[in-house]
Amino acid sequence: MTHDRTSTFQAGQTGLIVRIPEAEPSVDGWRERFDPSAQAGVPAHVTVLFPFLDESRIDAHVHSALADVLGKHQAFDLRFERCGRLPGGVLHLVPEPDTQLRQLTEAIADRWPEAPPYGGRFTEIVPHLTIAQGQEDAVLEEIEAHLSGRLPFTSHVASVQLIVHDGAKWQERASFALGE
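Engineer: Mind showing me how you'd approach the nonpolar core here?
Structural biologist: Side chains of a nonpolar character, in soluble globular proteins, are inclined to be buried together. Of all hydrophobic cores here, the largest spans 46 residues; its most connected members are Ile 20, Phe 52, Leu 93 and Leu 129. The dominant element in this core, judged by the number of residues it contributes, is helix H3 (residues 60-71), at five residues. The contact partners of Leu 93, leaving out residues within four places of it in the chain, are Val 27, Phe 80, Arg 82, Cys 83, His 128, Leu 129, Ile 131, Leu 147, Leu 151 and Phe 153. Formed by seven residues, the second largest nonpolar core is a distinct cluster that contains Phe 9, Ile 17, Ala 40 and Val 42.

Structure, rendered in structure tokens:
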């Protein structure tokens, strides 16, 4: 979930993420300083789909459909061994392999074509765990140096969380289990 300021988040916006709690000890302080989504309450994560449907559209039918679509995908492990960069001064951790993440995104986007990944702004899906954005190279290099001794780590992904922005912070509203 990449934004320039927390004020760009709007009440009723939703997203689908996979939490990566194993990343928190290494990236939490950096994310709090340099990632607006962390400042707005989003834990360390890899985005599956943002933005998703407006909260007003999410009802029991959507919950059921999400459970069905996501339940068809098996739980999986991710390994985070290195940092990567995206345009706009974005530093992130690279999840490997990222095939299952891409498949989750594609499955949700196929089911809800009115909710393309990142609002359709990017043609390629690049799964990532954002640490910092909008920063100069020197800041990103400092963060990378700090993280070099804290990688690699592995995370088991067994669910996808639906989060909603309430106008001030992001809140988890539901969790959908992947198949085992």
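Engineer: Help me out: how do you make sense of the sheet that holds strand S7 (residues 159-165) in this one?
Structural biologist: Hydrogen bonding along the main chain pairs the strands of a sheet, whether they run parallel or antiparallel. If you trace the four strands from one edge of the open sheet to the other, you get S2-S1-S7-S8, paired in antiparallel fashion. Edge positions in the sheet fall to strand S2 (45-49) and strand S8 (170-177), since each has one partner strand and no second. Neighbour-to-neighbour, the strand axes of this sheet turn through a mean angle of 35°, independent of strand direction. Both strand S1 (residues 14-19) and S7 contribute to a ladder of four bridges, which runs antiparallel. By the bridge assignment, Ile 17 is partnered in S7 with Gln 161. Against the sheet, H3 touches S1, S7 and S8, its axis set at about 55° to S8.

Engineer: Quick question: what am I supposed to make of the sheet that holds strand S4 (residues 90-96) here?
Structural biologist: The four strands are arranged S5-S4-S3-S6 in an open sheet whose pairing can be described as antiparallel. Each edge of the open sheet is held by one strand with a lone partner, namely strand S5 (129-132) and strand S6 (153-157). The average undirected angle you get between the axes of adjacent strands in this sheet is 40°. Where strand S3 (residues 76-86) lies against S4, six bridges are found, and the strand directions are antiparallel. Bridge assignment links Arg 85 to a residue of S4, and that residue is Leu 91.

Engineer: Even after reading the chapter, I still don't get helix H5 (residues 137-148), so can you show me in this structure?
Structural biologist: One full turn of an α-helix is made of 3.6 residues, so residues set three or four places apart face in the same direction. An ideal rise of 1.5 Å per residue puts 16 Å on 12 residues; H5 measures up with 16 Å between its terminal C-alpha atoms. Considered for burial, the residues of H5 that qualify are Leu 140, Ile 143 and Leu 147. Along the axis of H5, the buried positions cluster into a sector of 65°, meaning they face one direction only. Facing away from the buried side of H5 by over 90 degrees, the exposed positions are Ala 138, Ala 145 and Ser 148. Tucked into the core, H5 has its buried residues touching helix H1 (24-34), S3, S4 and S5.

Engineer: Could you clarify how one ought to interpret the packing of aromatic side chains in this entry?
Structural biologist: For the structure on display, the rule yields six aromatic pairs. A ring pair is formed by Phe 52 and Trp 112, whose centres lie 5.2 Å apart and whose planes are at 85°; its orientation type is edge-to-face. Remark: Trp 112 occurs in the loop between helix H4 (99-111) and S5 and Phe 52 occurs in the loop between S2 and H3; sequence separation between them is 60 residues. Residue class for Trp 112 comes out buried when judged on its relative accessible area of 4%. Between Phe 80 and Phe 153, the ring centres sit 5.0 Å apart and the planes meet at 20°, which makes this aromatic pair stacked. Here Phe 80, found in strand S3, pairs with Phe 153, found in strand S6; they are 73 residues apart in sequence, far enough to count as distant. Phe 153 carries the same exposure label as Phe 80, and that label is buried. Chaining the aromatic ring pairs together yields one cluster made of Phe 9, Phe 50 and Trp 170. One cation-aromatic arrangement involves Arg 111 over Trp 112; the distance from NZ or CZ to the ring centre is 4.5 Å.

About the cut-offs
Residues numbered from 1 in each chain as written. Predicted model: local features only at pLDDT ≥ 70, side-chain atom pairs only at ≥ 80, totals over all residues. Heavy atoms only, no water. Core = buried A, V, L, I, M, F, W, Y, C linked by side-chain atoms within 4.5 Å. Buried < 20%, exposed > 50% of the residue type's maximum accessible area, 1.4 Å probe, protein only. Helix = DSSP H or I, 4+ residues; strand = E, 2+ residues; numbered from the N terminus. Contact = heavy atoms within 4.5 Å. Pairing = 2+ DSSP bridges. Axes fitted to C-alpha atoms, helices over the stretch in contact; angles between N-to-C directions. Expected span 1.5 Å × (residues − 1). Arc of directions from axis to C-beta. Phe/Tyr/Trp six-rings, centres within 6.5 Å; stacked < 30°, edge-to-face > 60°. Lys NZ or Arg CZ within 6 Å of the ring centre and 35° of its normal.

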